[in-house]
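So the chains spell out like this:
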Amino acid sequence: MAEIDKGLPNTRNKLEIPSEEELQDVAVQEPVEEKGPIEVIPEEDGGVTLDYEPGAINVPGTESHFDNLAELLPDDVLEPIGNEMTQNYMDYKASRKEWEQSYVSGLDLLGFKYENRTEPFQGASGATHPVMAEAVTQFQAQAYKELLPADGPVRTQVIGVKNPGTEQQANRVKDFMNYLIMDQMKEYEAEFDSMLFHLPLAGSTFKKVYYDVNMGRAVSKFVPADELIVPYTATSLDDAEAIIHKVKISENELRKQQVNGFYRDVELGPPGTDSNDELAKKERELEGSKKTGKNEPMYTLLECHVNLDLEGFEEVGADGEPTGIKLPYLVTVEEGNRKVLSIRRNYAPDDLKKRKIQYFVHFKFLPGLGFYGFGLIHMIGGLSRTATSALRQLLDAGTLSNLPAGFKQRGVRVRDEASPIQPGEFKDVDAPGGNLRDAFFPLPYKEPSQTLLNLLGIVVNAGQRFAAIADMQVGDGNQGAAVGTTIALLERGSRVMSAIHKRCYAAMKNEFKLLSKVVAQYLPPEYPYDVVGGQRNIKQTDFDDRVDVIPVADPNIFSMSQRITLAQTQLQIATSNPQLHNMYQIYRNMYNAIGVKDVDAVLPPPAPTAPMDPSMEHINAMGGKSFQAFPGQDHRAHITAHLNFMSTNMVRNNPMIMAAIQKNILEHISLMAQEQVQLEFREQMQQMMMMQQQAAMNPQVQAQLQALTNQVESRKAVLIAEMTEEYMKEEKEITSQFDADPLLKLKSREVDLRAMENERKKNADKADEDLARAKLMQAQDLAEDKLDQNEDLAKLRAGVSLAKSGIDQAAIVMDDN
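Residues numbered from 1 in each chain as written. Predicted model: local features only at pLDDT ≥ 70, side-chain atom pairs only at ≥ 80, totals over all residues. Heavy atoms only, no water.

### Let's talk about the overall build of the chain
A tally of helices and strands in the chain yields 23 helices and 18 strands. Of the contacts made within the chain by residues no fewer than 6 positions apart, 69% connect residues no fewer than 24 positions apart. For the chain, the accessible area works out to roughly 49,900 Å², and carbon and sulfur atoms hold 54% of it. (Helix = DSSP H or I, 4+ residues; strand = E, 2+ residues; numbered from the N terminus. Contact = heavy atoms within 4.5 Å. Areas by Shrake-Rupley, 256 points an atom, 1.4 Å probe, with all protein chains shown as cover.)

Okay, structure coming up:
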């Protein structure tokens, strides 16, 4: 009765039983006030669904997968999320405070800003030794050239069995990726260049790969280490529970994103400042810039890649109940106001496992003890500070020794005391009397110490040796050095740089994989594009698992000098035994190593071998040129022509021509047997080609393929035996007349013996030449070892002499005291 009274008119003052019409009015009014309107949804089978809560949050089909869920969530849900994300950011940032401080203090070692020092005296030297700046610049220049060549940084390789279709697909992917990076992604080169400068300093840098809606293409953006924050327990990007990317954005750009619907349109207060960001202050100080006048306000957005159990969008199990499992989301929060601007799902729509989408790639200079890598600031920062201190002491000592100071007797007056004495100038002095020398006492400043100078050289050499920026003396002035010595020197001088280069190679490989996935997701089914001198075409289906996108750089070669040294060593080995090597390819590798653009103009490629008639083959045999048999030739006619040619006196008396002709005959026999087998086993051969594609994954198919292969090879061996026997009979018939004459046979035997003797002498001369070369190289190695020993001994003696000199100077100082 009480519930009914709530729906009655206010004029009712006393308790009475309502009529039936009043009860009906109440029944109609109650759902409107308590539950809202009812939505009727028609179904395909002709029925309807009554939705009593059309305003509920998580209604299937009401939003697309990557929509901004913050638009659907109430403020009482969003506010705790914003506070939590901001607090996590502050906690994660505080956990790496020491790393930031060491990085900030290490930036001073670059020496970009000269210090005007007043200690220990006014005008003391503020120079910074350039060992750190030199190491950073050398690495950046070297890595930039190797990892980002002018033709593009991408190459491809086919996964699985190669065929013309997959090779064409790989070429299309390679051409388009290089076109995209070098032509369309205008910011890629500049940001990659900047990243390679930050990498040796901080030890860690990042690339963010994603699709930019405003640009309408994929983007690979450089993210400094100070702008990407992870929990202190993380060891890699894959196992990090949260990744927070700090993004600076102008007020106008943020407003554009809100109007476009990318971010939630909420009222934001004034933007915050980076007054507590010591790293930003230090970077501006080194750049020589500072905030002056009116500046455009900048907001700081925290893009949080986290796992959440979001209210209204919970993970549901098979029983329809929430499982409590957190799902990957991308939450964007404005740091100063802690307002949530967007929440989006961070997993693919068709991914049943709901794995997070990775956007970041980690570049490491040296592996650290935790998440962040070590840079030169951490590794040689102490040596750089020591070198700077020693350099300043040497400069200060030179300044004090050139401009001496001291004490003068009271009462002595020097006219124009403030003006310095110029060379060749004498000033008047008012002295009370006595010797002028006795009125002045200069302080005992010494010349710059030779021991300190040697110490500075040792410290600088240690820093350069660690940073691998010292010049590698590989083969300088000794082009005939032994191969083993050259390789050992090269490996000794490049161990550190080689490992760093391989880490950069692995990171770029991950970057290109992420980039190819983004391209495949947003590329149309077929996309034509224009390049210099032609038109290309790429298909969306080209980006599948059959083609792997990798850097064009060689992970084992990181510099041009290393490439040239290896090419020279390869040429040295091949020259010692050219008959076992492809000399054309050896010389081509050498030209490529030294950077020759049009190699074919300098080194014309050998003409491709083509089928010849028997007469041309005989001419090549007499000229010592190579020739070979080809499929489809009339093999029996070639064999008969060769047998007739072999029966001539000139050929029978020349073993070299005989060997070349007989080699070609055996090639014809092999091809003739192969063609006969293909005719007899046509169906089996087609079956073998089909089975080769399945053999890698099925052991049973491998066994069947091996059995068919053995059957075909057995038949081929039988045919070769029969054809060889037929060839021997034909040869005996043709040469029987020649063998019947004993004088000709004796003469032929004499010629054969003479040819064998000539060949023996030739081989002996070659062996003597190789032995002499080996002795020469061994003597050269011994001489180099002796020179190295003498150099080490000289350095040891110099060190002992320096030590003795230091002891003597210390003794003199003690005696003076």
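### Some points on the nonpolar core
Counting residues in each nonpolar core, the largest one holds 74 residues, and the members touching the most others are Phe 176, Leu 228 and Phe 543. For this core, the element with the most residues is helix H13 (residues 495-522), which contributes 11 residues. With sequence-adjacent residues up to four places away left out, Phe 176 is seen in contact with Val 519, Leu 523, Tyr 527, Tyr 529, Ile 538 and Phe 543. Counting residues in hydrophobic clusters, the runner-up holds 25 residues, among them Leu 73, Ala 242, Ile 244 and Leu 308. (Core = buried A, V, L, I, M, F, W, Y, C linked by side-chain atoms within 4.5 Å. Buried < 20%, exposed > 50% of the residue type's maximum accessible area, 1.4 Å probe, protein only.)

### Brief notes about the sheet that holds strand E11 (residues 360-364)
What holds strands together in a sheet is hydrogen bonding between their backbones, with the strands either parallel or antiparallel. An order of E5-E4-E11 is seen for the 3 strands of this open sheet, with the pairing classed as antiparallel. Two strands bound the open sheet, and with one partner strand each, they are strand E5 (217-224) and E11. The average undirected angle you get between the axes of adjacent strands in this sheet is 25 degrees. Sheet analysis places strand E4 (residues 204-212) next to E5, joined by 8 bridges and oriented antiparallel. What sits directly across from Lys 208, in E5, is Lys 221. Lying over the sheet, helix H7 (residues 188-202) contacts E4, E5 and E11, oriented at roughly 155 degrees with respect to E4. (Pairing = 2+ DSSP bridges. Axes fitted to C-alpha atoms, helices over the stretch in contact; angles between N-to-C directions.)

### Overview of the sheet that holds strand E7 (residues 243-250)
The 5 strands lie next to each other as E6-E7-E8-E9-E10, forming an open sheet whose pairing is antiparallel. Every other strand in the sheet has two partners, leaving strand E6 (228-229) and strand E10 (339-345) as the edge strands with one partner each. Here E7 pairs with strand E8 (residues 298-308) via 8 bridges, running antiparallel. Note that in E8 the partner of Lys 246 across the bridge is Leu 302. This element, helix H8 (residues 251-259), spans E7, E8 and E10 of the sheet and lies at about 110 degrees to E7.

### A few points about the pattern of salt bridges
Going through the model one piece at a time under the given rule, you end up with 16 salt bridges. Residue Arg 96 pairs with Glu 100 through a salt bridge whose shortest N-O separation is 3.1 Å. Given the relative accessible area of 8%, Glu 100 is considered buried. Among the ionic pairs, Glu 187 bridges to Arg 217, the shortest N-O distance being 2.9 Å. Taken together, the positions of Glu 187 in the loop between helix H6 (164-184) and H7 and Arg 217 in strand E5 put the pair 30 residues apart, joining distant regions of the chain. Across this residue pair, the class does not change: Glu 187 and Arg 217 are buried. When salt bridges that share partners are traced, they join Lys 93, Arg 96 and Glu 100 into one network. (Salt bridge = Lys/Arg side-chain N within 4 Å of Asp/Glu carboxyl O.)

### Re the packing of aromatic side chains
What the rule picks out here adds up to 14 aromatic pairs. Considering the side-chain rings of Phe 176 and Phe 543, the 6.3 Å spacing of their centres and the 75 degrees angle between planes classify their relative orientation as edge-to-face. Linking Phe 176 in helix H6 with Phe 543 in the loop between strand E17 (534-539) and strand E18 (547-551), this pair joins segments that are 367 residues apart in sequence. Take Phe 176 and Phe 543: they sit in the same class, and that class is buried. A connected cluster of aromatic rings, assembled from ring pairs, spans Trp 99, Tyr 103, Phe 206, Phe 371 and Tyr 372. Against the face of Tyr 210 rests Lys 208, its NZ or CZ located 5.2 Å from the ring centre. (Phe/Tyr/Trp six-rings, centres within 6.5 Å; stacked < 30°, edge-to-face > 60°. Lys NZ or Arg CZ within 6 Å of the ring centre and 35° of its normal.)

### Here we look at the side chain of Thr 332
With respect to the secondary-structure elements, Thr 332 resides in strand E9 (residues 327-334). Exposure remark for Thr 332: the relative accessible area of 3% places this residue in the buried category.

### A few points about helix H17 (residues 614-623)
When H17 is considered as a whole, its buried residues turn out to be Pro 614, Glu 617, His 618, Asn 620 and Ala 621. Buried positions in H17, seen along its axis, are confined to an arc of 165 degrees and lie on one side of it. In this structure, the buried residues of H17 make contact with helix H18 (635-646) and helix H20 (655-680). For H17, the N-terminal capping position is held by Asp 613, with its side-chain oxygen 3.0 Å away from the main-chain nitrogen of Ser 615. At the exit of H17 stands Gly 624, carrying a positive phi of roughly 75 degrees. (Arc of directions from axis to C-beta. Polar contact = N/O pair within 3.5 Å; in protein donor to acceptor, adjacent residues only side chain to side chain.)

### Observations concerning a nonpolar patch on the surface
Nonpolar side chains collect at one region of the surface, where Met 616, Ile 619, Met 622 and Met 650 lie side by side and expose about 370 Å² of accessible area between them. The element contributing the most residues to the nonpolar patch is H17, with 3 residues. Topologically, Met 650 is positioned in helix H19 (residues 649-652). (Patch = residues over 30% accessible without salt bridge, like charges linked within 9 Å, V, L, I, M, F, W, Y side chains within 5 Å.)

### Examining the packing of H7 against helix H10 (residues 376-402)
Each packed pair of helices is defined by two parameters, the angle between the axes and the distance between the axes. Where H7 meets H10, the axes come as close as 6 Å, and the angle between the chain directions of the two elements is 60 degrees. By the angle class used here, H7 and H10 are oblique. When H7 is examined against H10, the residues Pro 200, Leu 201 and Ala 202 are found in contact with a partner set consisting of Leu 376, Ile 377 and His 378. (Parallel < 35°, antiparallel > 145°, perpendicular 65-115°, else oblique.)

### Quick look at unusual backbone geometry
Its identity as a non-glycine residue notwithstanding, Arg 338 has a phi of 60 degrees, on the positive side. Among the structural elements, Arg 338 can be located in the loop between E9 and E10. Its relative accessible area of 28% is what places Arg 338 among the partly exposed residues. Of note, Lys 354 is a non-glycine position whose phi angle comes to about 55 degrees, a positive value. Tracing the chain through its elements places Lys 354 in the loop between E10 and E11. Judged by its relative accessible area of 25%, Lys 354 is partly exposed.

### A few points about helix H4 (residues 97-106)
Regarding H4, the residues found buried are Trp 99, Glu 100, Tyr 103, Val 104 and Gly 106. Projected down its long axis, H4 carries its buried residues within an arc of 165 degrees, all on one side.

### Comments concerning the environment of Phe 206
Mapped onto the fold, Phe 206 is located in strand E4. The spacing of Phe 206 and Glu 227 is 21 residues in sequence and 9.4 Å in space, taken between C-alpha atoms. Among residues more than four places away in sequence, those in contact with Phe 206 are Lys 221, Phe 222, Val 223, Pro 224, Ala 225, Leu 228, Leu 237, Val 361, His 362, Phe 371 and Tyr 372.

### What about the pairing of E10?
Of all the 7 residues making up E10, 6 are buried; the element is thus mostly covered by neighbouring parts of the structure. Here 6 bridges tie E9 to E10, and the two strands are oriented antiparallel to one another. From the neighbouring strand, Val 333 faces E10, where its bridge partner is Val 340. Connecting E9 to the next strand, E10, in antiparallel fashion are 4 residues, including Arg 338 with a positive phi near 60 degrees.

### A look at the packing of helix H5 (residues 131-147) against H7
At a minimum axis distance of 9 Å, the contact between H5 and H7 shows a crossing angle of 140 degrees. By the angle between their directions, the pair H5 and H7 is classed as oblique. Judged by the sense of rotation from one axis to the other, the crossing of H5 with H7 is right-handed. Contact with H5, carried on its side by Val 136, Phe 139, Gln 140, Ala 143, Tyr 144 and Leu 147, involves Glu 189, Phe 192, Asp 193, Leu 196, Phe 197, Leu 199, Pro 200 and Leu 201 of H7 and no other residues of that element. (Left-handed = near helix turned anticlockwise from the far one by under 90°.)

### Overview of the side chain of Thr 166
With respect to the helices, strands and loops of the structure, Thr 166 is situated in helix H6. Not counting chain neighbours up to four residues away, the residues in contact with Thr 166 comprise Val 158, Val 161 and Arg 546.

### Here we look at the environment of Lys 356
Mapped onto the elements of the fold, Lys 356 is located in the loop between E10 and E11. For Lys 356, a relative accessible area of 32% puts it in the partly exposed group. The spacing of Lys 356 and Val 306 is 50 residues in sequence and 9.0 Å in space, taken between C-alpha atoms. Not counting residues within four places of it along the chain, the set of residues in contact with Lys 356 comprises Leu 237, Asp 238, Ala 240, Ile 243, Pro 328 and Asn 346. Of the polar contacts made by the side chain of Lys 356, one reaches the backbone oxygen of Leu 237; its length is 3.3 Å. Side-chain polar atoms of Lys 356 contact the backbone oxygen of Ala 240, separated by 3.4 Å.

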